[in-house]
Amino acid sequence: MQLYLNATSPYARLVRIVLIEKGLIDAVTLKWCDPWADDSALLKANPAGRIPALVTEEGTTLSESMLIAIYLDSAYPEKPVLPPSHLGEVLHLAGLGQNLMDAAFTTVIARKHYGNAIDESELGQRRSRAIQRLLEQLNRELGEAPTASTLSLGDIAAAVALDYLAFRLPEVAWQETYRPLASWHQGVITRSSFQATAFTTS
Ligand SMILES: N[C@@H](CCC(=O)N[C@@H](CS)C(=O)NCC(=O)O)C(=O)O
């Protein structure tokens, strides 16, 4: 398999963590690229020009982090991250995580293109309110950090989204406001799959 990625994408990091947790990382060639530079190999794998994109063993190209995760869990059922016994619960948490990722990532990209004043726009304020509501809900719902055998796609999505917030929007300072959530997050990011994929700018 081949995975198109960079070191700052929360979506690509989610897929990479799934690959590591499922013991599949050695079966994948990591194709580092800049999605903003219209990388020709990436465009071939994903005409949208976005990462992550996965090329399967059969040569099928997949886009969208959650779809890639669903494919990996179905094609390689060992160590499932989508356990059928509580699928609804896991997808609920994965949705909260992905929505948090989307709101944070869109804020970062809007600032990059239009300057920080974009935060005051109608859409900027909606994103900011969404981030706060998502943090409040995660703080209410998450208790003990998962173990190696219970770690799910929901945990991965939520923890990556929280890490991305800390990385790109540190002024949100969610760890100070939401202490139980910070403790849950700490319990997840100490895992080697998170340590090995920590966000870096260089
Ligand atoms: N919904 C997509 C989002 C992917 C995405 O937005 N990736 C960003 C990097 S974090 C990207 O490649 N952006 C380049 C672009 O939009 O042209 C997913 O879950 O995979």
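Observations regarding the overall build of the protein
Phase 1 of the analysis: Scanning the protein from terminus to terminus reveals nine helices and four strands.
Phase 2 of the analysis: For the protein, the α and β elements follow one another from N to C terminus as β-α-β-α-β-β-α-α-α-α-α-α-α.
Phase 3 of the analysis: Over its C-alpha atoms the protein spans a radius of gyration of 17 Å, differing by no more than 12% from the 17 Å that the globule rule assigns to 202 residues.
Phase 4 of the analysis: With the C-alpha coordinates aligned to their principal axes, the bounding extent of the protein is approximately 45 × 40 × 30 Å.
Phase 5 of the analysis: For the protein, the share of sequence-separated contacts (at least 6 apart) that also reach a separation of at least 24 residues comes to 72%.

Thoughts on the domain arrangement of the protein
Phase 1 of the analysis: Annotation of the protein at the domain level lists domain 1 (2–75) and domain 2 (84–195).
Phase 2 of the analysis: Each of domain 1 and domain 2 has a C-alpha centre, and these two points are 21 Å apart.
Phase 3 of the analysis: Both sides together, the interface formed by domain 1 and domain 2 hides about 1600 Å², and carbon and sulfur atoms give 69% of it.
Phase 4 of the analysis: Where domain 1 meets domain 2, there are two salt bridges.
Phase 5 of the analysis: We note a salt bridge from Arg191 to Glu21, for which the minimum N-O separation is 2.8 Å.

Focus on the pattern of salt bridges
Phase 1 of the analysis: Throughout the structure, instances matching the rule amount to six salt bridges.
Phase 2 of the analysis: Here Arg111 makes a salt bridge to Glu171, at a shortest N to O gap of 2.9 Å. With Arg111 in helix α4 (residues 87–114) and Glu171 in the loop between α6 (153–168) and α7 (174–177), this pair connects stretches of sequence that are 60 residues apart.
Phase 3 of the analysis: Linked through salt bridges whose partners overlap, the residues forming this network are Arg111, Asp119 and Glu171.

Quick look at unusual backbone geometry
Phase 1 of the analysis: Residue Pro52 is bonded to the preceding Ile51 through a cis peptide linkage, with omega at 0°.
Phase 2 of the analysis: Mapped onto the elements, Pro52 comes out in the loop between α2 (40–45) and β3 (53–55).
Phase 3 of the analysis: Located in the positive-phi region is Lys79, a residue other than glycine, with phi close to 50°.
Phase 4 of the analysis: With respect to the secondary-structure elements, Lys79 resides in the loop between α3 (65–75) and α4.

Description of the packing of aromatic side chains
Phase 1 of the analysis: Under the definition given, this model contains five aromatic pairs.
Phase 2 of the analysis: Between Tyr164 and Phe199, the ring centres sit 5.6 Å apart and the planes meet at 70°, which makes this aromatic pair edge-to-face. Of the two residues, Tyr164 is situated in helix α6 and Phe199 in the segment after α9 (192–195); the sequence distance between them amounts to 35 residues.
Phase 3 of the analysis: Relative accessible area serves as the criterion here: at 2%, Tyr164 is assigned to the buried category.
Phase 4 of the analysis: Assessed through its relative accessible area of 12%, Phe199 is described here as buried.

Section: the nonpolar core
Phase 1 of the analysis: Core analysis: the biggest nonpolar cluster contains 62 residues, and Leu14, Leu72, Leu100, Leu135, Leu153, Ile156 and Leu181 have the highest contact counts within it.
Phase 2 of the analysis: A total of 10 residues in this core trace back to one element, the largest contributor, which is α6.
Phase 3 of the analysis: Each of two domains, domain 1 (2–75) and domain 2 (84–195), supplies a minimum of three residues to this core.
Phase 4 of the analysis: Apart from residues no more than four positions distant in its own chain, Leu135 is found in contact with Leu100, Leu162, Leu165, Val172, Trp174, Tyr178 and Leu181.

Definitions and cut-offs
- Residues numbered from 1 in each chain as written.
- Predicted model: local features only at pLDDT ≥ 70, side-chain atom pairs only at ≥ 80, totals over all residues.
- Heavy atoms only, no water.
- Helix = DSSP H or I, 4+ residues; strand = E, 2+ residues; numbered from the N terminus.
- Rg over C-alpha atoms; globule rule 2.2 N^0.38 Å.
- Contact = heavy atoms within 4.5 Å.
- Domains from an automatic or database assignment.
- Buried area = accessible area lost by both parts, 1.4 Å probe.
- Salt bridge = Lys/Arg side-chain N within 4 Å of Asp/Glu carboxyl O.
- Phe/Tyr/Trp six-rings, centres within 6.5 Å; stacked < 30°, edge-to-face > 60°.
- Buried < 20%, exposed > 50% of the residue type's maximum accessible area, 1.4 Å probe, protein only.
- Core = buried A, V, L, I, M, F, W, Y, C linked by side-chain atoms within 4.5 Å.

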